[in-house]
Amino acid sequence: MNSQCKNCNGSFIKKPKEHKKLFCTKECQQTYWSIKRNKTGTSRKESRQKATFARENLHLSEKQLQLCVGALLGDSSMSPRSNGSIRMRFGHVEKHKDYLEWKKTIMEPFITQKTPSSYISHGFSDSVCLVYETIQHEDFKRLYPLFYSPSHKKRLRNITWKTLDLLTPFGILIWYLDDGTLAYPQLHKGKNPHIDLRTDAYSLSVQRMLKRWFWQKYQIDIKISYDKTHNSYYIRFNTKQVPQLMKLFEPYIQEIPACMQYKIIQQKPTLPADNLSTKDF
């Protein structure tokens, strides 16, 4: 039975038992699969080489780095692989999907997923959680020891002074949007808010370090609070410190997604002296 070679298009004779044979010789078979073309017209080997080259020349921008640092202090995590490579995972509940998509936009091209994966979080009122995962990259590998203990059996989250010194106001904003709560005491009827940054996972010594760091870096005097229910500590920005924190966030407030604006207090503009009238006194 005559057949046509899939590689050289030459004619060859198939034996009855060779009905699945596609190539006239083994050389044609090897040649065909070694230069198997993809949609862009390059071989798989060439595509891998180009991807490797692009990845080696790709590095986190300052804004991407701040997003990663703030998110790792907040809701995100890192996933080590058996080959030693590291990926980052960004995840939020479904009602904060726009916030997750905003993060994805900033992190491109490190995130190549078109749509997030999803799962049911049974620890969060059975909510649907959406997740984006980055590509493997050396920049994430360098960040990993700044946030996790060297033990592979227990990946304990860690904060050091060196970790905090990476933060700029944008990184603090991401941390706050992930793990912060803006609260108004009931007795004050919508006035005198405070902010709780849920650092419950860290020891009292870490809370004290955070207090020193915020004072030395931004002259913000935070309070260490105790949660009796969970027997843990967290940090609080009292009413006087909230405007100081919001002042740090001012350059980025307009780009924050609408679903997270409830955590932001817009600062009231001060009127110029020429515009003052007797009604203002």
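Look a little higher up for the structure.
Residues numbered from 1 in each chain as written. Predicted model: local features only at pLDDT ≥ 70, side-chain atom pairs only at ≥ 80, totals over all residues. Heavy atoms only, no water.

**Q** Go over the overall build of the chain, please, and point to the residues and values.
**A** When its secondary structure is counted, the chain shows nine helices and ten strands. Taking all 281 residues of the chain together, the buried fraction comes to 39%. By element, 53% of the accessible surface of the chain is carried by carbon and sulfur atoms, the whole surface being about 17,700 Å². (Helix = DSSP H or I, 4+ residues; strand = E, 2+ residues; numbered from the N terminus. Buried < 20%, exposed > 50% of the residue type's maximum accessible area, 1.4 Å probe, protein only. Areas by Shrake-Rupley, 256 points an atom, 1.4 Å probe, with all protein chains shown as cover.)

**Q** So, the environment of Ser-117: which residues are in play, and what are the values?
**A** Take Ser-117: it is sitting in strand β5 (residues 117-121). Exposure remark for Ser-117: the relative accessible area of 38% places this residue in the partly exposed category. Residues Ser-117 and Cys-129 lie twelve residues apart in sequence; the distance between their C-alpha atoms is 8.4 Å. Excluding its chain neighbours within four sequence positions, the residues that come into contact with Ser-117 are Cys-129, Leu-130 and Val-131. (Contact = heavy atoms within 4.5 Å.)

**Q** Account for the sheet that holds strand β9 (residues 223-227), with residues named and values stated.
**A** Here we have four strands laid out as an open sheet, ordered β7-β8-β10-β9, and antiparallel in their pairing. Strand pairing shows two members of the sheet lacking a second neighbour, β7 (180-183) and β9, which therefore form its edges. Adjacent strand axes in the sheet meet at a mean angle of 35°, parallel and antiparallel pairs treated alike. Examined bridge by bridge, strand β8 (residues 194-197) and strand β10 (residues 232-237) share three bridges and lie antiparallel to one another. By the bridge assignment for β10, Ile-195 is matched with Phe-237. Sitting on the sheet, helix α7 (residues 169-179) touches β7 and β8, and the angle it makes with β7 is about 70°. (Pairing = 2+ DSSP bridges. Axes fitted to C-alpha atoms, helices over the stretch in contact; angles between N-to-C directions.)

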